[in-house]
Amino acid sequence: MVFTNWARNQTAAPAEVRTPASTEDVVGAVKDAAAAGRRLRMIGTGHSFTGVALTDGVMLRPTALTGVISLADDRVTVRAGTTVRELNSLLAARGLALANMGDITDQTVAGAIQTGTHGTGRDSGGLADQVEALELVLADGSVVTAVAGEDLFDAARVGLGALGVLTSVTFRVEPAFLLRNRRRRMTLSGILDSLDSLTADNEHLDFFWLPHTDACLVKTNNRDPGPARPPGSVRYWLDNVFLENTLFGAACALGARCPGLIPRINGLSAAALGDSEAVDASHKIFTSRRDVRFLEMEYAVPREHLGQALRETRALVERMGWRITFPVEVRVTPASTAWLSTAYGRQSAYVACHIYRPTPNPAYFAEVEEIMTRLGGRPHWGKLHTRDATYLGTVYPRFADFVALRDRLDPGRLFGNAYLETVLG
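Figured I'd write up the structure that's included with this text.

### What about the environment of Arg 223?
In step 1: Looking at where Arg 223 falls in the secondary structure, it is placed in strand 15 (residues 215–224).
In step 2: For Arg 223 and Gly 44, which are 179 residues apart along the polypeptide, the C-alpha to C-alpha distance reads 31 Å.
In step 3: Of the polar contacts made by the side chain of Arg 223, one reaches the side chain of Glu 174; its length is 2.7 Å.

Laid out in C-alpha coordinates, this is it:
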(Lines give C-alpha, C1' and ligand atoms only; values in the text may rest on other atoms or scores of the structure.)
Protein backbone atom coordinates (compact mmCIF):
# COMPACT_ATOMS: atom_id res chain seq x y z
CA MET A 1 0.00 0.00 0.00
CA VAL A 2 1.11 3.56 -0.75
CA PHE A 3 -0.47 6.23 1.43
CA THR A 4 -1.10 9.65 -0.17
CA ASN A 5 -2.50 12.63 1.71
CA TRP A 6 -5.42 14.84 0.63
CA ALA A 7 -3.20 17.49 -0.95
CA ARG A 8 -1.21 14.78 -2.78
CA ASN A 9 2.11 16.23 -1.67
CA GLN A 10 3.02 13.54 0.92
CA THR A 11 3.32 9.80 0.31
CA ALA A 12 4.55 6.81 2.30
CA ALA A 13 5.06 3.12 1.57
CA PRO A 14 4.84 1.37 4.96
CA ALA A 15 6.24 -2.11 5.44
CA GLU A 16 2.98 -3.20 7.06
CA VAL A 17 -0.55 -1.81 7.39
CA ARG A 18 -2.96 -2.78 10.15
CA THR A 19 -6.53 -1.73 10.90
CA PRO A 20 -7.05 -2.04 14.65
CA ALA A 21 -10.61 -2.20 15.96
CA SER A 22 -9.83 -1.89 19.68
CA THR A 23 -7.28 -0.63 22.16
CA GLU A 24 -6.10 -4.22 22.55
CA ASP A 25 -5.40 -4.40 18.81
CA VAL A 26 -3.28 -1.26 19.08
CA VAL A 27 -1.37 -2.72 22.03
CA GLY A 28 -0.64 -5.84 19.96
CA ALA A 29 0.56 -3.75 17.01
CA VAL A 30 2.84 -1.65 19.23
CA LYS A 31 4.42 -4.74 20.81
CA ASP A 32 4.86 -6.44 17.43
CA ALA A 33 6.46 -3.36 15.90
CA ALA A 34 8.87 -3.04 18.81
CA ALA A 35 9.81 -6.73 18.57
CA ALA A 36 10.42 -6.41 14.81
CA GLY A 37 12.48 -3.23 15.18
CA ARG A 38 10.00 -1.21 13.14
CA ARG A 39 8.60 2.24 13.78
CA LEU A 40 4.84 2.74 14.06
CA ARG A 41 2.47 5.61 13.30
CA MET A 42 -1.30 5.94 13.18
CA ILE A 43 -2.59 8.03 10.29
CA GLY A 44 -5.78 10.04 10.17
CA THR A 45 -7.56 10.96 6.96
CA GLY A 46 -4.57 12.67 5.34
CA HIS A 47 -5.47 16.32 5.88
CA SER A 48 -1.98 17.29 7.08
CA PHE A 49 0.25 18.92 4.49
CA THR A 50 3.39 17.86 6.39
CA GLY A 51 4.83 14.37 6.86
CA VAL A 52 3.69 14.24 10.49
CA ALA A 53 1.76 10.96 10.02
CA LEU A 54 4.12 9.13 7.64
CA THR A 55 6.07 5.96 8.39
CA ASP A 56 8.12 3.34 6.60
CA GLY A 57 7.31 0.83 9.32
CA VAL A 58 3.88 -0.17 10.65
CA MET A 59 1.04 2.13 9.64
CA LEU A 60 -2.21 1.91 11.61
CA ARG A 61 -5.38 2.87 9.79
CA PRO A 62 -8.08 4.01 12.26
CA THR A 63 -11.12 3.26 10.08
CA ALA A 64 -12.32 0.51 12.45
CA LEU A 65 -11.43 2.38 15.63
CA THR A 66 -14.58 4.49 15.58
CA GLY A 67 -17.78 5.15 17.47
CA VAL A 68 -19.04 6.31 20.85
CA ILE A 69 -17.78 4.74 24.06
CA SER A 70 -19.87 6.88 26.42
CA LEU A 71 -22.09 9.92 26.19
CA ALA A 72 -23.40 12.21 28.92
CA ASP A 73 -24.85 15.71 29.06
CA ASP A 74 -21.47 17.37 29.52
CA ARG A 75 -18.95 15.01 27.91
CA VAL A 76 -18.55 12.39 25.23
CA THR A 77 -15.87 9.73 24.79
CA VAL A 78 -15.23 8.50 21.27
CA ARG A 79 -12.67 6.22 19.68
CA ALA A 80 -9.78 7.95 18.01
CA GLY A 81 -10.69 7.21 14.40
CA THR A 82 -14.12 8.84 14.65
CA THR A 83 -14.33 11.74 12.22
CA VAL A 84 -15.36 15.24 13.27
CA ARG A 85 -18.35 14.89 10.94
CA GLU A 86 -19.48 11.71 12.73
CA LEU A 87 -18.97 13.37 16.11
CA ASN A 88 -21.06 16.37 15.08
CA SER A 89 -23.90 14.11 13.91
CA LEU A 90 -24.03 12.01 17.05
CA LEU A 91 -23.93 15.08 19.28
CA ALA A 92 -26.63 16.87 17.28
CA ALA A 93 -28.88 13.82 17.62
CA ARG A 94 -28.62 14.20 21.41
CA GLY A 95 -29.04 17.99 21.42
CA LEU A 96 -25.36 18.58 22.20
CA ALA A 97 -22.45 20.38 20.54
CA LEU A 98 -18.79 21.27 20.79
CA ALA A 99 -18.09 24.89 21.75
CA ASN A 100 -15.83 25.44 18.74
CA MET A 101 -14.15 23.58 15.88
CA GLY A 102 -12.25 24.02 12.65
CA ASP A 103 -13.94 24.15 9.27
CA ILE A 104 -12.91 20.68 8.02
CA THR A 105 -15.01 17.73 9.19
CA ASP A 106 -13.20 14.91 7.37
CA GLN A 107 -10.43 14.73 9.99
CA THR A 108 -10.35 12.08 12.68
CA VAL A 109 -10.66 13.48 16.19
CA ALA A 110 -7.21 12.10 17.06
CA GLY A 111 -5.55 13.57 13.99
CA ALA A 112 -7.23 16.93 14.54
CA ILE A 113 -6.13 17.37 18.15
CA GLN A 114 -2.66 15.86 17.69
CA THR A 115 -1.81 18.47 15.05
CA GLY A 116 -3.52 21.38 16.83
CA THR A 117 -6.59 22.01 14.65
CA HIS A 118 -8.05 25.24 16.01
CA GLY A 119 -10.82 27.09 14.17
CA THR A 120 -11.43 30.66 15.34
CA GLY A 121 -12.76 32.05 18.60
CA ARG A 122 -12.45 35.12 20.81
CA ASP A 123 -13.06 33.13 23.99
CA SER A 124 -13.23 29.46 22.96
CA GLY A 125 -10.16 27.58 21.81
CA GLY A 126 -9.55 24.72 19.42
CA LEU A 127 -10.41 21.05 19.79
CA ALA A 128 -7.47 20.32 22.10
CA ASP A 129 -8.83 22.91 24.54
CA GLN A 130 -12.11 21.00 24.78
CA VAL A 131 -10.47 17.67 25.66
CA GLU A 132 -11.18 16.23 29.12
CA ALA A 133 -9.21 12.98 28.89
CA LEU A 134 -7.05 10.94 26.50
CA GLU A 135 -6.37 7.22 26.33
CA LEU A 136 -2.96 6.35 24.88
CA VAL A 137 -0.94 3.24 24.20
CA LEU A 138 2.67 3.94 25.15
CA ALA A 139 5.82 2.53 23.55
CA ASP A 140 6.07 -0.25 26.14
CA GLY A 141 2.54 -1.42 25.31
CA SER A 142 0.97 -0.04 28.47
CA VAL A 143 -2.37 1.81 28.32
CA VAL A 144 -2.75 5.08 30.21
CA THR A 145 -5.48 7.67 30.61
CA ALA A 146 -4.29 11.27 30.85
CA VAL A 147 -6.53 13.78 32.65
CA ALA A 148 -6.31 17.44 33.62
CA GLY A 149 -3.66 18.23 36.20
CA GLU A 150 -1.11 15.83 34.74
CA ASP A 151 1.87 16.78 32.60
CA LEU A 152 1.01 14.01 30.16
CA PHE A 153 -2.42 15.56 29.60
CA ASP A 154 -1.06 18.99 28.68
CA ALA A 155 1.69 17.44 26.57
CA ALA A 156 -0.35 14.82 24.74
CA ARG A 157 -3.33 16.97 23.77
CA VAL A 158 -1.22 18.35 20.92
CA GLY A 159 1.27 15.51 20.96
CA LEU A 160 2.06 14.95 17.26
CA GLY A 161 1.69 11.22 17.92
CA ALA A 162 5.15 11.35 19.48
CA LEU A 163 4.18 10.24 22.99
CA GLY A 164 1.87 7.36 22.20
CA VAL A 165 -0.96 6.12 20.01
CA LEU A 166 -4.22 7.86 20.84
CA THR A 167 -7.07 5.33 21.11
CA SER A 168 -9.91 7.41 22.56
CA VAL A 169 -10.72 11.04 23.36
CA THR A 170 -13.15 12.53 25.88
CA PHE A 171 -14.50 15.94 24.90
CA ARG A 172 -16.35 18.50 26.99
CA VAL A 173 -19.70 19.28 25.31
CA GLU A 174 -22.63 21.60 25.93
CA PRO A 175 -26.28 21.98 24.91
CA ALA A 176 -26.67 22.57 21.17
CA PHE A 177 -26.79 26.23 20.17
CA LEU A 178 -27.44 28.40 17.15
CA LEU A 179 -24.96 30.74 15.48
CA ARG A 180 -25.77 33.83 13.47
CA ASN A 181 -23.41 33.86 10.51
CA ARG A 182 -22.86 37.19 8.80
CA ARG A 183 -20.82 37.43 5.61
CA ARG A 184 -19.86 40.84 4.28
CA ARG A 185 -17.31 42.50 2.07
CA MET A 186 -14.81 44.86 3.68
CA THR A 187 -11.53 46.40 2.59
CA LEU A 188 -8.29 45.11 4.05
CA SER A 189 -7.38 48.72 4.83
CA GLY A 190 -10.60 49.09 6.80
CA ILE A 191 -10.03 45.84 8.66
CA LEU A 192 -6.51 46.86 9.63
CA ASP A 193 -7.94 50.03 11.15
CA SER A 194 -10.54 48.11 13.17
CA LEU A 195 -8.89 44.81 14.12
CA ASP A 196 -9.32 45.30 17.85
CA SER A 197 -13.03 46.09 17.65
CA LEU A 198 -13.72 43.33 15.12
CA THR A 199 -12.08 40.81 17.42
CA ALA A 200 -13.68 42.14 20.61
CA ASP A 201 -17.20 42.44 19.18
CA ASN A 202 -17.49 38.93 17.69
CA GLU A 203 -17.30 35.50 19.26
CA HIS A 204 -15.84 34.04 16.07
CA LEU A 205 -14.04 36.11 13.42
CA ASP A 206 -12.70 34.70 10.16
CA PHE A 207 -11.71 36.79 7.14
CA PHE A 208 -10.14 36.21 3.75
CA TRP A 209 -8.05 38.75 1.85
CA LEU A 210 -7.87 38.42 -1.93
CA PRO A 211 -4.30 39.22 -3.05
CA HIS A 212 -3.95 41.89 -5.76
CA THR A 213 -7.08 43.59 -4.38
CA ASP A 214 -8.07 45.46 -1.21
CA ALA A 215 -11.13 43.22 -0.81
CA CYS A 216 -11.86 40.85 2.04
CA LEU A 217 -14.70 38.46 2.79
CA VAL A 218 -15.42 38.78 6.51
CA LYS A 219 -17.31 36.03 8.33
CA THR A 220 -18.55 36.61 11.88
CA ASN A 221 -20.35 34.00 13.96
CA ASN A 222 -22.19 34.88 17.17
CA ARG A 223 -24.60 32.91 19.33
CA ASP A 224 -28.25 33.62 18.60
CA PRO A 225 -31.43 32.77 20.55
CA GLY A 226 -33.22 31.82 17.35
CA PRO A 227 -35.35 30.89 15.65
CA ALA A 228 -33.13 29.21 13.10
CA ARG A 229 -32.99 30.89 9.71
CA PRO A 230 -30.76 28.59 7.66
CA PRO A 231 -29.72 29.69 4.18
CA GLY A 232 -32.11 28.57 1.47
CA SER A 233 -30.96 25.73 -0.74
CA VAL A 234 -30.29 28.09 -3.65
CA ARG A 235 -28.33 30.55 -1.51
CA TYR A 236 -26.31 27.74 0.11
CA TRP A 237 -25.49 26.25 -3.29
CA LEU A 238 -24.53 29.66 -4.70
CA ASP A 239 -22.18 30.61 -1.82
CA ASN A 240 -20.76 27.28 -0.66
CA VAL A 241 -20.81 25.12 -3.76
CA PHE A 242 -20.74 27.31 -6.85
CA LEU A 243 -18.84 30.46 -5.81
CA GLU A 244 -16.43 28.98 -3.22
CA ASN A 245 -15.75 25.70 -5.02
CA THR A 246 -16.93 25.25 -8.62
CA LEU A 247 -16.32 28.78 -9.89
CA PHE A 248 -13.27 29.27 -7.68
CA GLY A 249 -11.76 26.01 -8.96
CA ALA A 250 -12.29 27.13 -12.55
CA ALA A 251 -10.67 30.48 -11.74
CA CYS A 252 -7.64 28.73 -10.22
CA ALA A 253 -7.31 26.49 -13.27
CA LEU A 254 -7.50 29.49 -15.60
CA GLY A 255 -4.95 31.35 -13.51
CA ALA A 256 -2.60 28.37 -13.68
CA ARG A 257 -2.74 28.47 -17.49
CA CYS A 258 -2.63 32.26 -17.75
CA PRO A 259 -0.93 33.73 -14.63
CA GLY A 260 -1.12 37.24 -16.03
CA LEU A 261 -4.91 37.10 -15.65
CA ILE A 262 -4.85 36.38 -11.92
CA PRO A 263 -5.11 40.00 -10.71
CA ARG A 264 -8.10 40.50 -12.99
CA ILE A 265 -9.63 37.19 -11.89
CA ASN A 266 -9.25 38.19 -8.24
CA GLY A 267 -10.81 41.56 -9.03
CA LEU A 268 -13.84 39.81 -10.51
CA SER A 269 -14.01 37.51 -7.48
CA ALA A 270 -13.94 40.55 -5.22
CA ALA A 271 -16.80 42.13 -7.16
CA ALA A 272 -18.84 38.94 -6.70
CA LEU A 273 -18.57 39.08 -2.90
CA GLY A 274 -21.91 39.90 -1.37
CA ASP A 275 -23.48 40.29 2.07
CA SER A 276 -25.60 37.52 3.55
CA GLU A 277 -26.84 36.37 6.93
CA ALA A 278 -28.14 33.08 8.32
CA VAL A 279 -28.86 31.45 11.68
CA ASP A 280 -28.26 27.72 11.95
CA ALA A 281 -26.92 24.92 14.15
CA SER A 282 -23.36 25.67 15.25
CA HIS A 283 -21.72 22.69 13.56
CA LYS A 284 -23.28 23.69 10.23
CA ILE A 285 -22.05 27.27 10.53
CA PHE A 286 -18.54 26.40 11.70
CA THR A 287 -17.78 23.99 8.88
CA SER A 288 -17.15 24.54 5.18
CA ARG A 289 -16.87 22.60 1.97
CA ARG A 290 -13.40 22.47 0.38
CA ASP A 291 -13.22 20.82 -3.06
CA VAL A 292 -10.30 22.72 -4.64
CA ARG A 293 -7.00 21.12 -3.62
CA PHE A 294 -4.29 23.42 -2.34
CA LEU A 295 -1.07 23.62 -0.35
CA GLU A 296 -1.09 25.62 2.86
CA MET A 297 1.24 27.26 5.35
CA GLU A 298 -0.16 28.80 8.51
CA TYR A 299 1.54 30.66 11.36
CA ALA A 300 0.23 31.74 14.75
CA VAL A 301 1.56 35.11 15.91
CA PRO A 302 0.81 37.00 19.11
CA ARG A 303 -2.50 38.72 18.49
CA GLU A 304 -1.00 42.17 18.99
CA HIS A 305 1.26 41.56 15.97
CA LEU A 306 -1.53 40.64 13.55
CA GLY A 307 -1.77 44.08 11.94
CA GLN A 308 1.96 44.19 11.28
CA ALA A 309 1.94 40.64 9.91
CA LEU A 310 -0.82 41.49 7.42
CA ARG A 311 0.67 44.82 6.33
CA GLU A 312 4.04 43.18 5.68
CA THR A 313 2.44 40.26 3.83
CA ARG A 314 0.46 42.60 1.58
CA ALA A 315 3.57 44.69 0.86
CA LEU A 316 5.55 41.53 0.11
CA VAL A 317 3.03 40.26 -2.45
CA GLU A 318 2.91 43.66 -4.16
CA ARG A 319 6.71 43.97 -4.18
CA MET A 320 7.52 40.49 -5.46
CA GLY A 321 5.01 40.44 -8.30
CA TRP A 322 3.77 36.92 -7.60
CA ARG A 323 0.38 35.88 -8.94
CA ILE A 324 -1.65 34.45 -6.05
CA THR A 325 -5.18 33.16 -6.65
CA PHE A 326 -5.97 31.83 -3.17
CA PRO A 327 -7.01 34.24 -0.43
CA VAL A 328 -5.03 34.70 2.77
CA GLU A 329 -7.14 33.55 5.73
CA VAL A 330 -7.04 35.14 9.19
CA ARG A 331 -8.44 33.71 12.44
CA VAL A 332 -7.94 34.21 16.19
CA THR A 333 -7.94 32.07 19.35
CA PRO A 334 -7.49 32.61 23.08
CA ALA A 335 -4.46 31.32 24.95
CA SER A 336 -4.14 27.54 25.43
CA THR A 337 -2.55 25.40 28.14
CA ALA A 338 -1.57 22.53 25.82
CA TRP A 339 2.24 22.64 25.69
CA LEU A 340 2.57 22.42 21.90
CA SER A 341 -0.60 24.29 21.01
CA THR A 342 0.26 27.13 18.67
CA ALA A 343 -1.70 29.33 21.10
CA TYR A 344 0.13 28.15 24.22
CA GLY A 345 0.30 30.94 26.79
CA ARG A 346 -0.80 33.77 24.52
CA GLN A 347 -3.78 35.13 22.63
CA SER A 348 -3.03 34.30 19.03
CA ALA A 349 -3.86 35.27 15.48
CA TYR A 350 -3.41 32.95 12.51
CA VAL A 351 -2.28 33.93 9.04
CA ALA A 352 -2.76 31.14 6.51
CA CYS A 353 -1.35 31.30 2.99
CA HIS A 354 -2.59 28.91 0.31
CA ILE A 355 -1.44 28.02 -3.19
CA TYR A 356 -3.35 26.13 -5.86
CA ARG A 357 -1.96 22.57 -5.75
CA PRO A 358 -0.84 22.34 -9.42
CA THR A 359 1.16 25.59 -9.14
CA PRO A 360 3.28 25.49 -5.95
CA ASN A 361 5.23 28.64 -5.06
CA PRO A 362 7.88 27.80 -2.44
CA ALA A 363 9.28 31.34 -2.54
CA TYR A 364 5.90 32.79 -1.47
CA PHE A 365 5.75 30.51 1.56
CA ALA A 366 9.43 31.09 2.42
CA GLU A 367 9.16 34.89 2.36
CA VAL A 368 5.94 34.97 4.38
CA GLU A 369 7.53 32.54 6.82
CA GLU A 370 10.38 35.01 7.33
CA ILE A 371 7.85 37.67 8.34
CA MET A 372 6.02 35.35 10.72
CA THR A 373 9.14 34.01 12.44
CA ARG A 374 10.46 37.52 12.94
CA LEU A 375 7.24 38.16 14.90
CA GLY A 376 7.67 35.05 17.05
CA GLY A 377 5.33 32.95 14.92
CA ARG A 378 4.61 29.28 15.53
CA PRO A 379 3.88 27.09 12.50
CA HIS A 380 0.82 24.86 12.41
CA TRP A 381 2.10 21.31 12.91
CA GLY A 382 0.04 19.94 10.04
CA LYS A 383 0.84 22.66 7.50
CA LEU A 384 3.94 23.38 5.46
CA HIS A 385 6.87 25.08 7.16
CA THR A 386 10.66 24.80 7.43
CA ARG A 387 11.18 25.28 11.18
CA ASP A 388 13.25 22.84 13.22
CA ALA A 389 13.74 22.04 16.90
CA THR A 390 16.30 24.82 17.33
CA TYR A 391 13.79 27.49 16.34
CA LEU A 392 10.74 25.86 17.93
CA GLY A 393 12.52 25.65 21.26
CA THR A 394 12.67 29.44 21.29
CA VAL A 395 8.92 30.02 20.79
CA TYR A 396 7.43 27.25 22.96
CA PRO A 397 8.11 27.77 26.70
CA ARG A 398 7.43 24.08 27.47
CA PHE A 399 9.26 22.66 24.45
CA ALA A 400 12.13 21.24 26.48
CA ASP A 401 9.65 19.67 28.91
CA PHE A 402 7.85 17.99 26.01
CA VAL A 403 11.10 16.61 24.60
CA ALA A 404 12.14 15.33 28.03
CA LEU A 405 8.78 13.59 28.48
CA ARG A 406 9.16 12.02 25.06
CA ASP A 407 12.66 10.83 25.96
CA ARG A 408 11.21 9.09 29.00
CA LEU A 409 8.15 7.56 27.32
CA ASP A 410 9.68 6.61 23.96
CA PRO A 411 13.48 6.48 24.32
CA GLY A 412 13.79 4.12 21.34
CA ARG A 413 11.70 6.40 19.08
CA LEU A 414 9.19 3.68 18.23
CA PHE A 415 6.78 6.48 17.25
CA GLY A 416 9.37 8.53 15.40
CA ASN A 417 9.58 9.57 11.76
CA ALA A 418 11.51 12.06 9.65
CA TYR A 419 9.17 14.96 10.44
CA LEU A 420 9.50 14.47 14.20
CA GLU A 421 13.27 14.23 13.90
CA THR A 422 13.21 17.71 12.39
CA VAL A 423 10.74 19.44 14.69
CA LEU A 424 11.63 17.68 17.97
CA GLY A 425 15.29 16.88 17.37
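### Describing the sheet that holds strand 10 (residues 143–147)
In step 1: A sheet is described by the order of its strands in space; here 5 strands give the open sequence 6-7-11-9-10, paired in antiparallel fashion. Each edge of the open sheet is held by one strand with a lone partner, namely strand 6 (68–71) and strand 10. Mean inter-strand twist for the sheet, computed between neighbouring axes without regard to direction, equals 15°.
In step 2: The pairing of strand 9 (residues 131–137) with strand 10 spans 5 bridges and is antiparallel. Across the sheet, the residue bridging to Leu 136 is Val 144, located in strand 10.
In step 3: Against the sheet, helix 1 (residues 23–36) engages strand 9, strand 10 and strand 11 (165–172), with an angle of about 45° to strand 9.

### What to know about the sheet that holds strand 19 (residues 348–356)
In step 1: One open sheet accounts for 8 strands, arranged 16-13-15-14-18-19-17-20; its pairing is antiparallel. Whereas interior strands pair on both sides, the edge strands pair on one side only; in this sheet they are strand 16 (276–281) and strand 20 (378–379).
In step 2: Lying over the sheet, helix 7 (residues 233–257) contacts strand 13 (178–187), strand 15, strand 16 and strand 19, oriented at roughly 55° with respect to strand 19.

### Here's the deal with the packing of helix 10 (residues 306–320) against helix 11 (residues 362–374)
In step 1: Packing of helix 10 against helix 11 leaves a shortest axis separation of 10 Å and a crossing angle of 155°. As judged from the angle between their axes, helix 10 and helix 11 are roughly antiparallel. Handedness of the crossing formed by helix 10 with helix 11: right-handed. Here Gln 308, Ala 309, Glu 312, Thr 313, Leu 316 and Val 317 of helix 10 lie close against helix 11, whose contacting residues are Tyr 364, Glu 367, Val 368, Ile 371, Met 372 and Arg 374.
In step 2: Taken together, the residues of the contact of helix 10 with helix 11 break down into 7 nonpolar, 2 polar and 3 charged.

### Remarks on the side chain of Thr 55
In step 1: Summarising the element assignment, Thr 55 is placed in the loop between strand 4 (40–42) and strand 5 (58–60).
In step 2: A distance of 3.0 Å separates the side chain of Thr 55 from the backbone nitrogen of Gly 57, its partner in a polar contact.
In step 3: Beyond its immediate stretch of four places on either side in the chain, Thr 55 contacts Ala 12, Ala 13, Pro 14, Arg 39, Leu 40 and Arg 41.

### Observations regarding the packing of aromatic side chains
In step 1: Inspection of every chain in the model, using the stated rule, returns 8 aromatic pairs.
In step 2: Ring geometry for Phe 248 versus Phe 326: centroids 4.7 Å apart, planes at 85°, classification edge-to-face. You can see Phe 248 sitting in helix 7 and its partner Phe 326 sitting in the loop between helix 10 and strand 18 (328–333), a full 78 residues away along the chain.
In step 3: By relative accessible area, Phe 248 is classed as buried at 17%.
In step 4: An angle of 40° between the planes, with centres 5.8 Å apart, marks the rings of Tyr 364 and Phe 365 as tilted.
In step 5: Overall, the relative accessible area of 0% leaves Tyr 364 in the buried class.
In step 6: Members of the aromatic cluster, each reached through a chain of ring pairs, are Trp 6, Phe 49, Phe 248, Phe 294 and Phe 326.
In step 7: Cation over ring: Arg 223 sits above Phe 177, and NZ or CZ is 3.6 Å from the ring centre.
In step 8: Here the basic side chain of Arg 387 rests over the ring of Tyr 391, its NZ or CZ set 5.3 Å away from the ring centre.

### A short note on the pattern of salt bridges
In step 1: According to the stated counting rule, one finds 28 salt bridges in the structure shown.
In step 2: Between Glu 174 and Arg 223 there is a salt bridge; the shortest N-O distance is 2.7 Å. In this pair, Glu 174 is assigned in strand 12 (residues 174–175) and Arg 223 in strand 15, connecting sequence segments 49 residues apart.

### Looking at the environment of Tyr 350
In step 1: Its place among the elements puts Tyr 350 in strand 19.
In step 2: For the pair formed by Tyr 350 and Glu 277, sequence separation is 73 residues and the distance between their alpha carbons is 24 Å.
In step 3: At 3.4 Å, the side chain of Tyr 350 and the side chain of Thr 333 are in polar contact.
In step 4: Within the structure, Tyr 350 has its side chain in polar contact with the side chain of Thr 342 (distance 2.9 Å).

So, how was this worked out
Residues numbered from 1 in each chain as written. Predicted model: local features only at pLDDT ≥ 70, side-chain atom pairs only at ≥ 80, totals over all residues. Heavy atoms only, no water. Helix = DSSP H or I, 4+ residues; strand = E, 2+ residues; numbered from the N terminus. Polar contact = N/O pair within 3.5 Å; in protein donor to acceptor, adjacent residues only side chain to side chain. Pairing = 2+ DSSP bridges. Axes fitted to C-alpha atoms, helices over the stretch in contact; angles between N-to-C directions. Contact = heavy atoms within 4.5 Å. Parallel < 35°, antiparallel > 145°, perpendicular 65-115°, else oblique. Left-handed = near helix turned anticlockwise from the far one by under 90°. Nonpolar A, V, L, I, M, F, W, Y, C, P; charged D, E, K, R; others polar. Phe/Tyr/Trp six-rings, centres within 6.5 Å; stacked < 30°, edge-to-face > 60°. Buried < 20%, exposed > 50% of the residue type's maximum accessible area, 1.4 Å probe, protein only. Lys NZ or Arg CZ within 6 Å of the ring centre and 35° of its normal. Salt bridge = Lys/Arg side-chain N within 4 Å of Asp/Glu carboxyl O.

The values are spatial; any link to function lies outside them.
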